[in-house]
Amino acid sequence: MTSETPSAMPTEDQVRDQARAFMRAEGLSQKALSVLCAIPYGTLSAWMGGSYAGRGERIAEAVLRGIEARRAQRRTRALAPKAPGFVATPTAEAITGCLEHAQHMPDLAVVTGGPGVGKTTSAQAYRARTPNVWLLTGEPVHGSPRALLEDLAEALGLAVSGVSSQRLSRAIVQRVRGTGGLIVVDEAQHLTSTVLDQLRTLHDLAEIGVALLGNETVHARLEGGARAAHYAQLYSRVGMRLARPRPLRTDVDALLDAWSVEGQAERALLHAIARKPGGLRGVTKVLRLAHMLAAAEEAAVGERHLRLAWSRYASQDAVEEDALAARRAA
């Protein structure tokens, strides 16, 4: 019997040569290479110069892993499709209408919906084409007005260090008053009552629009059951509301048209996926993966690729349920 001899590990000098060639090809500095390979810069610098006193073979192995990780990233991205840009679905147009109302009246608008209906992408597209729109993302850390004020001040280019919350609020008011602008807070379900009240104060003092985007708990909180007292002033200022629990069928059709999905079976399957948690976001992820699977086979995207992509994205129960729904729809 004969056994294959494993390929020999390159010498450290060979790995150094590979690293230098890789940095030239990628346009990377030695500092960037150290980050890519998760090696402290001083360690990598000494090793590249041949003066490292430790176990150099470990550094060589880490460099090779880093180089291969970047090459794997390149291969994966080469298979990734060029996804369509922002798709103006009917729901996106409705969200845009709310944002326009809030900005130009000025007023306060609340948009609620499940994940994947297009709230975030609509807000990003609106900001990209409209001046004086500041988009923040609510986080659990926004439990106090100060945290939100600091994020907004940074978005406005204002200094926050050493400034009291009151002065920071006044500085923001002075900066945005008269701009005809709009403050948009995505994921607004993370905001507490005091933070929401701070936004109301900015809206009142600066006469500027405010839009809150989030899940259905945002509207429920503002109503406060019997409209709790600490939300009453904010609730009374809401001039426009839009609730979209899930994508419309026409939203899904618009997205599939943008992806040039024409087959009846393929569209039926993707409509079934859109009804799952994740909505249009889930459809986009499945389409991206299906295109990559098809590209690896040098084939056109078909129902088989979509089902395989969905099986990798979702649970088995969801896959079987959606396969049945797609067959019924077809």
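On a predicted model such as this, the values are computed, not experimentally measured, just so you know.

Q: Run through the pairing of strand 1 (residues 108-113), naming residues and quoting values.
A: When you tally the buried positions in strand 1, you get six out of six residues, the bulk of the element. A two-sided burial pattern is seen for strand 1, the buried positions comprising Leu 108, Val 110 and Thr 112 on one face and Ala 109, Val 111 and Gly 113 on the other. The pairing of strand 1 with strand 4 (residues 209-214) spans five bridges and is classified as parallel. Residue pairing across strands places Ala 109 opposite Ala 211, the latter belonging to strand 4. Where strand 1 meets strand 5 (residues 238-244), six bridges bridge the pair, whose relative direction is parallel. Its bridge partner lying in strand 5, Ala 109 is registered against Met 240.

Q: Hey, could you go over the pairing of strand 4 for me, with residue numbers and the actual values?
A: Strand 4 sits mainly inside the fold: six of its six residues count as buried. Judged by which residues are buried, strand 4 turns out to be covered on both faces: Gly 209, Ala 211 and Leu 213 on one side and Val 210, Leu 212 and Gly 214 on the other are all buried. Looking at chain direction, strand 3 (residues 182-186) and strand 4 are connected through four bridges and run parallel. Bridge pairing in strand 4 places Val 184 opposite Ala 211. Crossover strand 3 to strand 4 through helix 9 (residues 193-206) is right-handed.

Q: Talk me through unusual backbone geometry; I want residue IDs and the actual numbers.
A: The omega torsion of the bond from Met 105 to Pro 106 falls at -20°, within 30 degrees of zero and hence cis. Within the secondary structure, Pro 106 sits in the loop between helix 5 (90-104) and strand 1. The phi dihedral of Glu 187 falls on the positive side, at around 55°, and the residue is not glycine. Following the sequence through the fold, Glu 187 ends up in the loop between strand 3 and helix 9. Judged by its relative accessible area of 30%, Glu 187 falls in the partly exposed class. For Glu 298, which is not a glycine, the phi torsion comes out positive at approximately 55°. Relative to the assigned elements, Glu 298 resides in the loop between helix 14 (279-296) and helix 15 (303-313).

Q: Would you mind going over the pattern of salt bridges in detail, with residue names and values included?
A: A side chain with one charge can pair with a side chain of the opposite charge if their charged atoms come near. Summed over all chains, the structure comprises 14 salt bridges. In this structure, Glu 297 and Arg 304 form a salt bridge, with 2.7 Å as the shortest nitrogen-oxygen distance. Across the salt bridge formed by Glu 303 and Arg 307, the nearest N and O atoms sit 2.6 Å from each other. Of this pair, Glu 303 and Arg 307 both sit in helix 15, four residues apart, which is roughly one turn of the helix. Classification of Glu 303 as partly exposed rests on a relative accessible area of 26%. For Arg 307, a relative accessible area of 24% corresponds to the partly exposed category. Shared partners join several salt bridges into a network, and the residues in it are Glu 12, Asp 13 and Arg 16.

Q: Requested: an account of helix 3 (residues 41-48), with residues and values cited.
A: Residues of helix 3 that are buried include every one of Leu 44, Trp 47 and Met 48, and no others. End-on, the buried residues of helix 3 take up no more than an arc of 95°, which puts them together on one face. In this structure, the buried side of helix 3 is in contact with helix 1 (12-26), helix 2 (30-36) and helix 4 (56-79). Where helix 3 terminates, the next one or two residues include Gly 50, which has phi positive at roughly 80°.

About the cut-offs
Residues numbered from 1 in each chain as written. Predicted model: local features only at pLDDT ≥ 70, side-chain atom pairs only at ≥ 80, totals over all residues. Heavy atoms only, no water. Buried < 20%, exposed > 50% of the residue type's maximum accessible area, 1.4 Å probe, protein only. Helix = DSSP H or I, 4+ residues; strand = E, 2+ residues; numbered from the N terminus. Pairing = 2+ DSSP bridges. Right-handed = clockwise from strand over helix to strand, strands pointing away. Salt bridge = Lys/Arg side-chain N within 4 Å of Asp/Glu carboxyl O. Arc of directions from axis to C-beta. Contact = heavy atoms within 4.5 Å.

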